[in-house]
Each structure stands twice: as C-alpha cells, then as structure tokens.
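One-letter residues, chain by chain:
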Amino acid sequence: MLIFVVCAITFSALLLSLHFYMRLIGSSKALNIIEEQVAADMQIRAHQLCLLAYEAQRFGNSREKVALDDEFQDFLHLYIEDYQAEVAKKIKEHNINEISAYGFINLSK
Amino acid sequence: MGTFITTLAEYLWVLCICSLLLSLIWPASKSARVTILILALSGLAQDKIAPLLMDISETSPELARLIWYPSWVICQTLTLGVIWFAHRKFVWAVEQITQFICLSLMMHSFLQVLRFTDRVVLGTDVLGGIYKYGIPAINIAAILAICLWAVSGAFRYRKELEEC
C-alpha cells in the first residue's frame, strides 16, 4: 500500500513538472510564432517606414527633413501601437493564458 | 572520469552563485537572473535535505529507499513551479538559458523516476551506473551553460562599452 502511495506521488510530481515545463516553453514559443506572423503581415508598413527614414536622411538640415522626421516618428509610434495591438489580439484569440500583458496592453481583463 | 564528475558536482553551487554575481555587472535579463537564483537556492536546499535522508537510511533503510527518489522529484517539481510562477506573475519573456535550465530540471526528474521504477517498482536495479553519473552530469551541463552565459554576456557588454 505504501509503495502504491509513493508511486502515485512520484508519478504525479513528474507529470506536474512536465506540465510546468510545457506551459513555460509552450507560451514562449507560441508568442514567438505570433510575433513573427504579425511582423510578416505588417512587412509593407515596415518597408514604408524604412523608405521614410531614408528620405529624411537625404534632405540634410532643411525644413523638409524636420517635417519628414516628425512624420517618421508619428508613423513609427503608430506602427508599434498597431503591432502590439495585433499581437495582443492574437494572444487572446489563441487563449495563451500565461501571458497577462503585452507591451502596454493588459490582457488579464 | 566518474570520480571527476562526482567530485566536481560538490562545487557546482559555488560556480552558480559566482555566475549570478558576474551577471550583476552587465544588464542581464530578469528571467535568467531569477531562474539562476531559484536554481542555486534549490540546489542548496537539496544539499541540506540529503543528510536528513541519509540519517533515515541508517535507522530504516527500506523507508529511505522508498522516499529518496520521490523527494528529489518533488524538489525539482517545486523548482520548476516557482520558475513558472515567477514568469507568469511578472510577465517575463523566457530566455534561452531559462529554457535550458528548465530542460535540465525536467531531465533530472525523469532520471529520478526512471531509477525509482527500476529499483523500487520493478526491483531490477540495472540503472545504478546511469543514475550515479547521470545526475551530476545533468547538473554540470546546466552550471556550465550558466557560466558560459555569464562570461559571454560580460564580454559582450565590455565590447559594447569599448565601441561607445
């Protein structure tokens, strides 16, 4: 009887550690896949951002450069916000419960 | 080689704490630092538990044999649980070194259960050698990875400072 109880405890502990391990590694891999997917979906905007930065560099110290720099910063902030929102949306869609926040977005509510 | 492994295993936690201290001089991630700290504390706790189990084996060898392996499996499970809980609570991204440490803890548990099944459940007693050198070898692999991570991080940080 004692051996049976000890066996049950030992195998339960092993299953529990497997559970912790899978949740820890699984959530991290799932997040990487989601981030890569969202980055691929937003590739056109990322290229536009690079072009805008390149254009801003070409104008030296002129007024156009300042305007392009401002435009670049606005575009970059919007890009980051949209990227984080899209990743957060996909995290919720895939029910990854381990992640309670992404960037500035709280997912626990 | 076998003696070398068991002798080296006794000094592993010193290396682990030294690596943790080294990681304080460069901006390492919290995930890695906390996981290494949990691993070091768990290792020290296990070093304290081992003599107690040895004492039990003097009075009741049968009982000691029965609780020896489950004790280590429970210790590893608790360690993994604390690491998982910390990452979940503070929303940390799981670092590569954290993944490696968790894998080593998992392998540790698996080997303990395998030996428990071999010695207590089936009574075959064929995995003695694998257990004797397997457990210290897993610990050595984890601590070496931590040392490499700490040293390479420090060198990378120094290089970045020189470039600035």
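The shown structure was predicted, so the numbers you read here are calculated from the model rather than taken from an experiment.

Draft legend 1. Expanded view of the layout of surface pockets. All names here are of chain B. Of the pockets and cavities examined, the largest pocket occupies roughly 780 Å³. What lines the largest pocket is a set of 30 residues, and nearest its centre among them are D47, H108, I135, P136 and N139. The set of elements that each furnish at least two residues to the lining of the largest pocket consists of helix 1 (2-9), helix 3 (30-59), helix 4 (61-90), helix 5 (96-121) and helix 6 (128-163). It is helix 6 that contributes the most residues to the lining of the largest pocket, 9 residues altogether. Residue classes in the lining of the largest pocket are distributed as 15 nonpolar, 10 polar and 5 charged.

Draft legend 2. Representation of the packing of helix 1 (residues 2-41) of chain A against helix 5 of chain B within the structure. Their axes nearest at 10 Å, the elements helix 1 of chain A and helix 5 of chain B cross at an angle of 160°. Of the possible angle classes, the one that applies to helix 1 of chain A and helix 5 of chain B is roughly antiparallel. Where helix 1 of chain A crosses over helix 5 of chain B, the handedness of that crossing is left-handed. Residues A:V6, A:C7, A:T10, A:F11, A:L14, A:S17, A:L18, A:Y21, A:L24, A:I25 and A:S28 of helix 1 of chain A form the contact with helix 5 of chain B, whose participating residues are B:Q99, B:C102, B:L103, B:M106, B:S109, B:F110, B:V113, B:F116, B:T117 and B:V121.

Draft legend 3. Seen up close, helix 3 of chain B. Residues and elements named next belong to chain B. The end-to-end C-alpha distance of helix 3 is 44 Å, a good match for the 44 Å that 30 residues give at a rise of 1.5 Å each. Taken together, the buried positions of helix 3 are S31, A32, T35, I36, I38, L39, A40, S42, G43, Q46, A50 and L53. For helix 3, the secondary structure elements touched by its buried residues are helix 2 (12-22), helix 4, helix 5 and helix 6.

Draft legend 4. Examining helix 4 of chain B more closely. Residues and elements named next belong to chain B. With 30 residues, helix 4 should cover 44 Å at 1.5 Å per step; its first-to-last C-alpha distance of 43 Å lies within 8% of that length. Remark: the principal bend of helix 4, roughly 30°, maps to I67, with a proline, P70, within the next four residues. Of the residues one or two after helix 4, V91 is the one with positive phi, at around 50°.

Draft legend 5. Looking closely at the environment of A:S12. All names here are of chain A. As for its placement among the helices and strands, S12 is situated in helix 1. Considered as a pair, S12 and F104 are 92 residues apart in the sequence and their alpha carbons are 38 Å apart. In this structure the side chain of S12 is engaged in a polar contact, spanning 2.5 Å, whose partner is the backbone oxygen of A8.

Draft legend 6. View of the packing of aromatic side chains. What the rule picks out here adds up to 5 aromatic pairs over all chains. Consider the rings of B:Y69 and B:Y131, whose centres lie 5.3 Å apart with planes at 75°: the pair is edge-to-face. One end of the pair, B:Y69, is in helix 4; the other, B:Y131, is in helix 6, with 62 residues separating them in the sequence. In this pair, the class of B:Y69 matches that of B:Y131, namely buried. Geometry around A:F75 places A:R45 over its ring, the cationic atom sitting 5.9 Å from the centre.

Reading the values: rules and limits
- Residues numbered from 1 in each chain as written.
- Chains lettered and ligands numbered in written order.
- Predicted model: local features only at pLDDT ≥ 70, side-chain atom pairs only at ≥ 80, totals over all residues.
- Heavy atoms only, no water.
- 1 Å grid on protein atoms, 1.4 Å probe; cavity = no way out; pocket = protein on both sides within 12 Å on 5 of 7 lines; lining within 4 Å.
- Points joined across faces, edges and corners; volume = space filled by probe spheres on them.
- Helix = DSSP H or I, 4+ residues; strand = E, 2+ residues; numbered from the N terminus.
- Nonpolar A, V, L, I, M, F, W, Y, C, P; charged D, E, K, R; others polar.
- Axes fitted to C-alpha atoms, helices over the stretch in contact; angles between N-to-C directions.
- Parallel < 35°, antiparallel > 145°, perpendicular 65-115°, else oblique.
- Left-handed = near helix turned anticlockwise from the far one by under 90°.
- Contact = heavy atoms within 4.5 Å.
- Expected span 1.5 Å × (residues − 1).
- Buried < 20%, exposed > 50% of the residue type's maximum accessible area, 1.4 Å probe, protein only.
- Bend = angle between axes of the 7 residues up to and from the residue.
- Polar contact = N/O pair within 3.5 Å; in protein donor to acceptor, adjacent residues only side chain to side chain.
- Phe/Tyr/Trp six-rings, centres within 6.5 Å; stacked < 30°, edge-to-face > 60°.
- Lys NZ or Arg CZ within 6 Å of the ring centre and 35° of its normal.

By themselves, these are just geometric observations and shouldn't be taken as functional.
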